[in-house]
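So the chains spell out like this:
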Amino acid sequence: MPEQKPISSVNDFVVRFANVNGSGSASANELFARSILRHGVPVSPRNIFPSNIQGLPTWYEVRVTEAGHLGARGGVDMMVAMNPQTWDKDVAMIEPGGYLFYDSTKPMPTSKFRGDITVIGVPLTAITNSTYTDPRQRQLFKNIIYLGALSALFDMDPKLIEQLISEQYKGKEKLLSSNVHALHLGRDWALQNLKCPIGLRVQKADKVGDRIFIEGNSAAALGAVYGGATVCAWYPITPSSSLADAFGSHCKRLRHDPKTGKAKYAIVQGEDELASIGIVIGASWNGARAFTATSGPGISLMTEFIGLSYFAEIPAVIMNVQRAGPSTGMPTRTQQCDIIACAYASHGDTKHVLLFPEDPAEAFEFAATAFDLAERLQTVIFLMLDLDIGMNHRLCRPLRWDDARQYDRGKIMTAEMLDEGRDFGRYLDVDGDGIPYRTYPGTHETRGSYFTRGTSRDRYARYSEEGPVYADNMQRLVRKFETAQDLVPRPLQANAAKPTKYGVIYFGSTSPAMDEAIGLLEARGHLLDRLRIRAFPFHSSVASFIADHDFVYVIEQNRDSQLRQLIVNENGFDPVRLIPIVHYDGSPITARFIAKAIGDHQDHLNVTPLRKAVS
């Protein structure tokens, strides 16, 4: 018996699978997460994998949470330890009173265990070796066998798992029957040899509702399709490659002429990131809606063409699935570390529009919106995803689209308008919003043409290096950026139950953890108003929110608090009033981390200083 009472919890725990990359465990682990969803219980899974193809450690964490918390919690209640290389580290992560599940075919010394956890051994290798002769089958079915054992330990309904397997192998009866057989091998062994269920249990509920289970990269790719994108040019880079792949899959279903079968899209893998963004800008200049998917190193290579898009005012969309930098950094770890790089990408004075979705549903919506904004503003738009949103399945509200929605192509000078004698200056601001009219190539036989250049020019696109002409154009670009403030998604504010002089600003994938952390902070007696930023340039409400509070915490997943830097730089606030809360080890930020960091600071603020006694 463990020294500490085992954890007992229904529909509220964290399981982490420790495997070897390339062992075939990924599908079994995802099957575990999906089977809990079939019980009507929300889950939040996260895949933690190495940047090589095979052989290094990989982890898959499943947070089971009837309360619906979708952020990482921190801590592990059961470790399924299938990798001897990481055994000590994995065992150390288990919460006191937690559980260790392992392959007990070979005896382990008692020194490898902990006295405050419950150890559950199942002879997985022995079971597989006595049942299968093929080495690959032994490896693959071992994963399904431990899934079966876990189903007994957690008191899960095996019929729901069988249903998922039947859906996965529909039409492949041999694979279906063999996987179901392996499932019951593990389940039957556990029921016959272990005390089932344990303190951690899955109980049927109805808490999932109409939410869908989807990866952010797939949702963003679908948003690109619905947003009218017909061209994707990209170069493979983790963690954005699956976005381009998903765009291709969605286009195969939705972008072929039903009569002729002809594809109505183009997907081009460029020779590198620089070529990819060049293709996007060229396609956009010709009137197509085009985008590229990349990550931080790709942004670094694209900056010269990004400057061209900004200065020549050519629409483009860049979907940046952020990972840990600098340089190669940690390609398969998540961060929000490209904020400054994207906001001011390229040399000279540049400012770019950034969109910050919090989940796959907003990734879908903001991806579609990005193409409207790109054409309305005639500039590059960054969709700022990250690995945590992009490559992990997340429960979110259903994706919705209004079929009556019309694309916003912005200010387009037509042949009819030119024939009417309209004054066309490619860089002429006619109504004070900083946005000029443009023409598509071939609009008119004799009018509406201009020379597209990345060098200085006047309002009519005529080459000029005169100082006042250059300054006039640069100031117009500032007016256009100010116009963007009212076009981008506005921040969302939620106030505490009682008035408070403290606030918190957060964005993107920090949202689920922040939402949960608010409850933890309230339990400690700390109330905060909160503001979720959804875009840059910042709406005026951001400055108002900061002005209304004595201190504002800024939650980020990067070392240098880049969003805080951007807020200070753009609004001129005293940095002392903005308290950075940063997390940047490559793992998703947790509610526990946020609550502790803010709570400790609040406790310090609330300490009453000692006063000298009057004699």
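In case you missed it, the structure is sitting above this.
An account of the accompanying structure is given in this report. (Residues numbered from 1 in each chain as written. Predicted model: local features only at pLDDT ≥ 70, side-chain atom pairs only at ≥ 80, totals over all residues. Heavy atoms only, no water.)

Looking now at the nonpolar core. Among the nonpolar cores identified, the biggest contains 78 residues, and Phe291, Met319, Leu355 and Phe382 are the most heavily contacted of them. Ranked by the residues each element gives to this core, the list is headed by helix H12 (residues 360–377), at 8 residues. Once residues lying within four places of it in the same chain are set aside, the contact partners of Phe382 are Ile299, Ile306, Ile318, Cys342, Ala345, His352, Val353, Leu354 and Leu355. In this structure, Val64, Leu150, Phe154 and Val202 belong to the second largest nonpolar core, which totals 52 residues. (Core = buried A, V, L, I, M, F, W, Y, C linked by side-chain atoms within 4.5 Å. Buried < 20%, exposed > 50% of the residue type's maximum accessible area, 1.4 Å probe, protein only. Helix = DSSP H or I, 4+ residues; strand = E, 2+ residues; numbered from the N terminus. Contact = heavy atoms within 4.5 Å.)

On to the environment of His39. Relative to the assigned elements, His39 resides in the loop between helix H1 (25–38) and strand S3 (43–48). With 28 residues separating them in the primary sequence, His39 and Asn11 have C-alpha atoms 10.0 Å apart. For His39, the contacting residues outside a window of four places in its chain are Met156, Asp157, Leu160, Val202, Gln203, Lys204 and Ala205. Looking at His39, its side chain comes within polar contact range of the main-chain nitrogen of Asp157, at 2.9 Å. (Polar contact = N/O pair within 3.5 Å; in protein donor to acceptor, adjacent residues only side chain to side chain.)

Our next topic: the sheet that holds strand S13 (residues 316–322). If you walk across this open sheet you meet the 7 strands as S11-S10-S12-S13-S15-S14-S20, and the pairing is mixed. Two strands bound the open sheet, and with one partner strand each, they are strand S11 (266–269) and strand S20 (535–536). Sheet analysis places strand S10 (residues 231–234) next to strand S12 (residues 290–294), joined by 2 bridges and oriented parallel. When the sheet's bridge partners are listed, Val231 is paired in S12 with Ala290. Across the sheet, helix H8 (residues 241–254) is in contact with S10, S11, S12, S13 and strand S15 (380–386); its angle to S10 comes to roughly 150°. Sitting on the sheet, helix H10 (residues 296–312) is in contact with S12, S13 and S15, with an inclination near 160° to S13. (Pairing = 2+ DSSP bridges. Axes fitted to C-alpha atoms, helices over the stretch in contact; angles between N-to-C directions.)

Time to look at the packing of aromatic side chains. Taken as a whole and assessed by the stated rule, the structure comprises 18 aromatic pairs. Centre to centre, the rings of Trp87 and Tyr102 are 5.6 Å apart; their planes meet at 80°, and the pair counts as edge-to-face. Here Trp87, found in helix H2 (residues 87–93), pairs with Tyr102, found in strand S6 (residues 94–103); they are 15 residues apart in sequence, far enough to count as distant. Judged by its relative accessible area of 6%, Trp87 falls in the buried class. When the centroid spacing of 6.0 Å and the interplanar angle of 75° are considered together, the rings of Trp87 and Phe113 count as edge-to-face. With a gap of 26 residues between them, Trp87 in helix H2 and Phe113 in the loop between S6 and strand S7 (118–122) connect regions that are remote in the sequence. Among the aromatic residues, ring-to-ring pairing joins Phe13, Phe17, Phe32, Tyr146 and Phe154 into one connected group. The residue whose ring lies beneath Arg457 is Phe311, and the NZ or CZ to ring-centre distance is 4.1 Å. If you follow Arg457 out to its NZ or CZ, it ends over the ring of Tyr427, 3.9 Å from the centre. (Phe/Tyr/Trp six-rings, centres within 6.5 Å; stacked < 30°, edge-to-face > 60°. Lys NZ or Arg CZ within 6 Å of the ring centre and 35° of its normal.)

Before going further, it helps to examine the pairing of S15. When you tally the buried positions in S15, you get 7 out of 7 residues, the bulk of the element. Residues Val380, Phe382, Met384 and Asp386 point to one face of S15 and Ile381, Leu383 and Leu385 to the other, with burial holding for every one of them. Bridging between strand S14 (residues 353–355) and S15 involves 3 bridges; their strand directions are parallel. Bridging from a neighbouring strand, Val353 pairs with Ile381 of S15.

Moving on, we come to the layout of surface pockets. Here the largest pocket defines a volume of roughly 520 Å³. If you trace the largest pocket, you find 19 residues lining it, with Met82, Asn83, Pro84, Asp103 and Lys142 closest to the centre. Here the lining of the largest pocket gets 5 residues from one element, more than from any other, and that element is helix H4 (residues 135–153). Its residues assigned to classes, the lining of the largest pocket shows 8 nonpolar, 7 polar and 4 charged. Of the pockets and cavities examined, the second largest pocket occupies roughly 430 Å³. Lining the second largest pocket are 19 residues, and of these Gly325, Pro326, Cys337, Asp338 and Gln562 sit closest to its centre. Broken down by element, the residue count for the lining of the second largest pocket peaks at 5 residues, all from H10. (1 Å grid on protein atoms, 1.4 Å probe; cavity = no way out; pocket = protein on both sides within 12 Å on 5 of 7 lines; lining within 4 Å. Points joined across faces, edges and corners; volume = space filled by probe spheres on them. Nonpolar A, V, L, I, M, F, W, Y, C, P; charged D, E, K, R; others polar.)

Attention now moves to empty space enclosed by the protein. The full count for this structure, using the stated rule, is 5 cavities of 30 Å³ or more. Quantified by volume, the largest cavity comes out at close to 70 Å³. Surrounding the largest cavity, Tyr310, Lys351, Val353, Leu377, Thr379, Leu477, Lys480, Phe481 and Ala484 form its lining. Of the residues forming the lining of the largest cavity, the biggest block, 4 residues, is contributed by helix H15 (residues 467–484).

A word on helix H9 (residues 273–285). Compared with an ideal rise of 1.5 Å per residue, which puts 13 residues at 18 Å, H9 spans 18 Å between its outermost C-alpha atoms and is within 8% of the ideal. Among all positions of H9, only Glu273, Ser276, Ile277, Val280, Ile281, Ala283 and Ser284 are buried. Along the long axis of H9, the arc covered by the buried residues comes to 165°, so they all point the same way. Where H9 is buried, its residues touch S10, S12, H10 and S13. Of the residues flanking the start of H9, the one acting as N-cap is Asp272, its side-chain oxygen 3.2 Å from the backbone nitrogen of Leu274. Among the residues trailing H9, Gly287 stands out with phi positive, at a value near 105°. (Expected span 1.5 Å × (residues − 1). Arc of directions from axis to C-beta.)

A few words on H1. Every α-helical turn comprises 3.6 residues, leaving residues that sit three or four positions apart pointing alike. Taking 1.5 Å of rise per residue, the 14 residues of H1 would be expected to cover 20 Å, and the 20 Å separating its terminal C-alpha atoms lies within 8% of that figure. Considered for burial, the residues of H1 that qualify are Ser25, Ala28, Asn29, Leu31, Phe32, Ala33, Ser35, Ile36 and Leu37.

Attention now goes to the side chain of Asn217. Summarising the element assignment, Asn217 is placed in helix H7 (residues 216–226). Dropping the residues within four chain positions of it, Asn217 is found in contact with Pro239, Ser240, Ser242, Leu243, Ala246, Val321, Leu385, Ile389, Gly390 and Met391.

What follows concerns the packing of H7 against H12. For the pair H7 and H12, interaxial distance at closest approach is 7 Å and the crossing angle is 30°. What the angle tells us is that H7 and H12 run roughly parallel. Two packed elements cross with a definite hand, and for H7 against H12 that hand is right-handed. Contacts between H7 and H12 involve Gly216, Ala219, Ala220, Leu222, Gly223, Ala224 and Tyr226 from the former and Pro360, Ala363, Phe364, Ala367, Ala368 and Phe371 from the latter. Split into classes, the residues belonging to the contact of H7 with H12 amount to 11 nonpolar, 2 polar and no charged. (Parallel < 35°, antiparallel > 145°, perpendicular 65-115°, else oblique. Left-handed = near helix turned anticlockwise from the far one by under 90°.)

Counted under the stated rule, the structure contains 38 salt bridges. Measuring nitrogen to oxygen at the nearest pair gives 3.9 Å for the salt bridge that ties Lys142 to Asp103. Highlighted residues: Lys142 in helix H4 and Asp103 in strand S6, separated in sequence by 39 residues. Here Lys480 makes a salt bridge to Glu313, at a shortest N to O gap of 2.8 Å. Of this pair, Lys480 sits in helix H15 while Glu313 is found in the loop between H10 and S13, placing the two residues 167 residues apart along the sequence. An identical accessibility class is assigned to Lys480 and Glu313; each is buried. Taken together, the salt bridges that share partners define one network made up of Arg289, Asp372, Glu375, Arg405, Arg409 and Arg438. (Salt bridge = Lys/Arg side-chain N within 4 Å of Asp/Glu carboxyl O.)

None of this, on its own, says anything about what the molecule does.
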